[in-house]
Amino acid sequence: MSRMGDVLAGFHAAWEFESDSVLIRYERGIRTPKLFQALGERRVPLEAIAGVTLTRGKRGTVVLRVEPRPGADPLMEAAAGQLKDSGDPYRLVLPAEREVLAEYYADELRSLLTESGPAERFLVEPPKGPLSFKAYDGKASFDGRTVNFRWFWTGASSAKWKAGDQSFSVGELNGVEWRSPEVFEGHLRLLQRDGGTSAVQADQDPAAVVFGLGYGPVHESLPFAAAVLAAVRTSSPVAAVSAAGPRRDPADIAERIRHLGELHQAGLVTDEEFSVKKAELLAEL
């Protein structure tokens, strides 16, 4: 940037522009999204940025957003497009009267970008460990080398109790599958190199923990998934790391869409949630 160290403060975050990166510091106020508070701050190298946009927001605001390159940020790779706009860590919302200033910084950033297309490695640091969170059916913990699932007798299925508590080294894994707890069938599944039990429903899969009823919230389970994903990539750079997971059996997809439709008709799933989840399920075919 022309003046290294310039700071642009918006709602819930402030961006500090350096010669080779943007340092994003998130507020810890009560109105700040919990994911932002959990992240604290993030340094985004310019080589991790594909583009910059400035758009009109809601209720007299403008939104400055940097677009990360695919594969540059383990958090966004794990999220796989499931974050709501309000929870997007790459958006800076500002009062409309600061539009001219925001446009200046957007132009300055664009002039410094030289990279595009998918990144060959993660360029943004993953959330720091050790990490843990409570899912509906167990507690998940990660120390940087091993993921452990310890089942709860109040929520775990008989299949998981029969399999016992689980431990997975990152060397055994090929990636992760994170489904947001804010949509239908939220879970975190570990994808194993040998294929494991990825075709099994998450509540029956010993390599997965299930969200719901306040368990596995985004600000806890997504940083966890991103940290595991980054460790897997570091462990084996040539491994195919997936946030979307393997192809599903068409009959299974049809059954899940039918169940989703029943929840929609009962008013338990909104029109938007129904459309988004149905599209996700169809994409798995």
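Each remark here, short or long, concerns the structure printed above.
As a starting point, this report considers the structure included with it. In this text the structure is predicted, and so the values were computed from the model without any measurement. Within each chain, residues carry numbers counting from 1 in the order of the written sequence. Local features are withheld for residues below a pLDDT of 70 in this predicted model, meaning they are given only at 70 or higher, and side-chain atom pairs are given and counted only at 80 or more; totals for whole chains, interfaces and linings count all residues. Processing note: side-chain calculations cover all non-hydrogen atoms of the structure and skip hydrogens and water entirely.

## Side note on the overall build of the protein chain
Okay, step 1: By the criteria applied, helices consist of DSSP H or I runs no shorter than four residues and strands consist of E runs no shorter than two, each listed in order from the N terminus. The helix and strand inventory of the protein chain stands at seven helices and 14 strands.
Okay, step 2: For the protein chain, with 285 residues in total, the buried portion stands at 48%.
Okay, step 3: Relative to all contacts within the protein chain whose residues are 6 or more apart in sequence, the contacts with residues 24 or more apart total 59%. Throughout, exposure labels follow a simple rule: accessible area from a 1.4 Å probe, protein chains only, divided by the maximum for the residue type, with under 20% read as buried, over 50% as exposed, and the rest as partly exposed. When checking whether two residues touch, look at their non-hydrogen atoms; a contact exists if any pair is within 4.5 Å.

## Here's the deal with unusual backbone geometry
Okay, step 1: With a phi angle near 75 degrees, His-12 is a residue other than glycine that sits in the positive phi range.
Okay, step 2: Structurally, His-12 can be placed in the loop between strand 1 (6-9) and strand 2 (13-17).
Okay, step 3: Classification of His-12 as partly exposed rests on a relative accessible area of 26%.
Okay, step 4: Unlike most non-glycine residues, Leu-213 shows phi in positive territory, near 55 degrees.

## Focus on the sheet that holds strand 11 (residues 166-169)
Okay, step 1: Here a strand pair is declared whenever DSSP counts at least two bridges between the two strands. Here we have four strands laid out as an open sheet, ordered 8-9-10-11, and antiparallel in their pairing. The sheet is open, and its two borders are formed by strand 8 (131-134) and strand 11, each paired with just one other strand. In this sheet, adjacent strand axes meet at a mean angle of 10 degrees when their direction is disregarded.
Okay, step 2: The sheet contact formed by strand 10 (residues 146-151) and strand 11 spans four bridges and is antiparallel. Following the sheet pairing, Phe-149 is matched in strand 11 by Gln-166.
Okay, step 3: Contacting strand 8, strand 9 (138-142) and strand 10, helix 5 (residues 218-235) crosses the sheet at an angle of about 140 degrees to strand 8. Axis angles are defined between N-to-C directions and span 0 to 180 degrees, where every axis is a line fitted to C-alpha atoms and, for a helix, only to the segment in contact.

## Side note on helix 3 (residues 99-112)
Okay, step 1: If you check helix 3, its first and last C-alpha atoms are 20 Å apart, about what 14 residues at 1.5 Å a residue would give, namely 20 Å.
Okay, step 2: Those residues of helix 3 lying buried are Ala-102, Tyr-105, Ala-106 and Leu-109. All buried residues of helix 3 lie within an arc of 105 degrees about the axis, which places them on one face of the element. Opposite the buried face of helix 3, by more than 90 degrees, sit the exposed residues Val-100 and Ser-111. A helix's residues, less one, multiplied by 1.5 Å, set its expected span. Regarding the arc, it is the one traced by the directions from the helix axis to the C-beta atoms.

## Here's the deal with the sheet that holds strand 13 (residues 187-192)
Okay, step 1: If you walk across this open sheet you meet the three strands as 12-13-14, and the pairing is antiparallel. Each edge of the open sheet carries a strand with a single partner, namely strand 12 (173-179) and strand 14 (208-210). Across this sheet, the average inter-strand angle for adjacent strands is 10 degrees, counted without regard to direction.
Okay, step 2: On the sheet, helix 5 packs against strand 12 and strand 13 and is oriented at approximately 160 degrees with respect to strand 12.

## A short note on the packing of aromatic side chains
Okay, step 1: Geometry of aromatic contacts follows a simple scheme: Phe, Tyr and Trp rings, the Trp one being its six-membered ring, pair when their centres are within 6.5 Å, and the pair is stacked under 30 degrees between planes, edge-to-face over 60, tilted otherwise. All chains considered together, the criterion is met by 10 aromatic pairs.
Okay, step 2: With centroids separated by 6.5 Å and ring planes inclined at 65 degrees, the aromatic side chains of Trp-15 and Phe-17 adopt a geometry described as edge-to-face. There is no split in this pair, since Trp-15 and Phe-17 are both buried.
Okay, step 3: Ring geometry for Tyr-104 against Tyr-105: centres 5.1 Å apart, planes inclined by 70 degrees, an arrangement best described as edge-to-face.
Okay, step 4: Exposure remark for Tyr-104: the relative accessible area of 29% places this residue in the partly exposed category.
Okay, step 5: Look at Tyr-105 and you get buried, because its relative accessible area is 4%.
Okay, step 6: Each member of the aromatic cluster is reached from another via a ring pair, and the members are Trp-15, Phe-17, Tyr-104 and Tyr-105.

## Some points on the pattern of salt bridges
Okay, step 1: A carboxyl oxygen of Asp or Glu within 4 Å of a side-chain nitrogen of Lys or Arg is what we treat as a salt bridge. Counted according to the given criterion, the structure contains 12 salt bridges.
Okay, step 2: Measuring nitrogen to oxygen at the nearest pair gives 3.4 Å for the salt bridge that ties Arg-25 to Glu-41. Placement of Arg-25 in strand 3 (residues 21-26) and of Glu-41 in strand 4 (residues 41-45) is noted, with a sequence separation of 16 residues between them.
Okay, step 3: Residue classification places Arg-25 among the partly exposed positions, given a relative accessible area of 40%.
Okay, step 4: Residues joined in a network through salt bridges with shared partners are Glu-16, Arg-25 and Glu-41.

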